[in-house]
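# Structure at a glance
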Amino acid sequence: METKLLHQGEEKLAAEILAAGGLVALPTETVYGLGADGLNEEAIKKIFIAKGRPADNPLILHIAEPQDILDLVLTLPPKASTLIDEFWPGPLTVILPKTKTVPSAVSADLPNVAVRCPANESIRLVIKYLKRPIAAPSANISGKPSPTKVSHVLQDLNGKIDAILDGGDCELGLESTVVSFVSKAPCILRPGSITKEQMEDLVGDIAVDPAVLGRIKQGQKALSPGMKYTHYAPRAKVVVVKADKETYIDFVNKNSSENILSLCFEEDKARINGKSISYGKEKDTTSQANLFFDALRKIDNLPEIELVYARCPYMQGVGLAVYNRLIRAAGFEVIEL
Ligand code: AMP
Ligand code: MG
C-alpha cells in the first residue's frame, strides 16, 4: 500500500479516506494519532493490525465538540463535567461507562470508553467532516516511542496505512492525561501535560493508579490495559539513574564506553565525556516532555549503543508524566545513588 502524504487544508480528503474504512495518521497537540472511523468495527480492527497492538488494549475516541461525549457515555458525573469544562478542547481523556453506540473493538470488550476532545484544529476539522468520532491510539508500532513528528510516523507505518496528514511537530509531545471516573473517586491511569495538581485545584483529591509509577504485579488487574506492557523502549537497554546532578555526571563519566550513552539534560552535555543525547532543560519539565520521545528515537539511530543511563526527571507536575514514560522505556530498571 502506498501511504499518501496529505497537507494542511486537505482535512476533507482525510475524512473521505476514513469514511471509506481507511486509516489516516492525524496530528494532535499530544502525539500523532492513528485514526479510523470510531464507529466502524472493521476499520478499527485495522488499527490493531497496523500497530501490532494487543487486542485487549482499548482505544480513545476523539470528538470535535465537548458536548458530543453525551452520545458515548451513560453518565457524566459532576467532577468529570468540571474537568471537561476547564480542559477541553485539550490533552485530557476521561473514562466512563459506555453507551451501545461504542463498538466493542474500541473498548476491548470493557464496559467503559475513553473519550477526548483534542485542541488541534486540524484533527477537529477531520472529525467534523467525518461526522463521527475518530478512534486513535498513538501512530507508532506498539511498544515503540510515540510519534511526535511526521518522520516518526513514517519510520513505523509507511506502507501500512492509507495516509498521513502533516500537521508539523506536536506541540506537547506526551500522550494525554487519562482519568477514570468508573469508581467512586476519580483516578489517574496515565499522567500527562494536565497535572494532578491542576485537576485537584478544581475537584479535590484524585487518586493515582499504582501502575503509573511501578510495575503491575503478577495477577494484579490493570485498570488501564496499556499500562501493563513495556512501552516506549528503544533497542538499547535503558537504566534510570536517580541521583543529584553532580552524582549523575560523576557516575556516567566513571562508567563511560563506546557502547554506552547518557540520556541527560541540556545543561549536563558539556560535562559528560562520553556520548550523550539531551531531552530538554533541567528545570523545565515541559521541554523534557516535548523532546523525550524524539530523544528515544535518536538513540535507535546509533546502532553501536547497547546501554543508556537516563537522568531522572523531577517527578512533580508534568515531570511525573515524563517519569512514567521513562520507567516503561527502562522496563522499570532504576539505580538509586
Ligand atoms: P494510546 O491511545 O496509544 O495513547 O493509548 C490509550 C491508553 O488509554 C492506553 O493506555 C489504554 O489502555 C487506555 N484506555 C483506553 N480506553 C480505556 C478504557 N476504556 N479503560 C481503561 N483504559 C483505557
Ligand atoms: Mg500508544
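Structure report, in brief. (Residues numbered from 1 in each chain as written. Chains lettered and ligands numbered in written order. Predicted model: local features only at pLDDT ≥ 70, side-chain atom pairs only at ≥ 80, totals over all residues. Heavy atoms only, no water.)

### Notes on the site of ligand 1
We apply this condition: When we say a residue is near a molecule or strand, we mean one of its heavy atoms is within 4 Å of it. What qualifies as a polar contact is a pair of N or O atoms within 3.5 Å, subject to a donor-acceptor requirement within protein and to the restriction that residues adjacent in sequence count only when both atoms come from side chains. The method behind every accessible area is Shrake-Rupley, applied with a 1.4 Å probe, and residues are considered shielded solely by the protein chains displayed. Helix and strand definitions follow DSSP, with helices as H or I runs of at least four residues and strands as E runs of at least two, each counted in order from the N terminus.
In the neighbourhood of ligand 1, 19 residues make up the surrounding shell, with Asn57, Asn112, Pro137, Arg190 and Gly226 lying closest. Side-chain polar atom of Asn57 to an oxygen atom of ligand 1: 2.7 Å apart, as the coordinates give it. Between ligand 1 and Arg190 there is a distance of 2.6 Å, counted from an oxygen atom to a side-chain nitrogen or oxygen. Compared with its free state, where it exposes 490 Å², ligand 1 has 94% of that area covered by protein. It is strand E6 (residues 112–116) that provides the largest number of residues to the shell around ligand 1, a total of 3 residues.

### So, the sheet that holds strand E15 (residues 307–311)
Convention followed: In this analysis, strands are considered paired if DSSP registers two or more bridges between them. In this description, a line fitted to the C-alpha atoms serves as the axis of each element, helices being fitted only across the stretch in contact, and the angle between N-to-C directions of two axes falls anywhere from 0 to 180 degrees. Residue contacts are counted whenever heavy atoms from the two residues lie within 4.5 Å of one another.
The strand order across the open sheet formed by 5 strands is E14-E13-E15-E12-E16, and the pairing between neighbours is parallel. The open sheet has two edge strands with one neighbour each: strand E14 (275–278) and strand E16 (334–336). Pairs of neighbouring strands in the sheet enclose a mean axial angle of 25 degrees, with direction left out of account. For strand E12 (residues 237–242) and E16, the ladder comprises 3 bridges, and the chain directions are parallel. Paired with Val240 across the two strands is Val334, which belongs to E16. Packed on one face of the sheet, helix H9 (residues 285–300) meets strand E13 (260–264), E14 and E15 and runs near 170 degrees to E13. Against the sheet, helix H10 (residues 318–329) makes contact with E12, E13, E15 and E16, and its axis sits at roughly 135 degrees relative to E12, the strand it touches most.

### Some details on the side chain of Ser276
Tracing the chain through its elements places Ser276 in strand E14. Not counting residues within four places of it along the chain, the set of residues in contact with Ser276 comprises Leu261, Ser262, Cys264 and Lys269.

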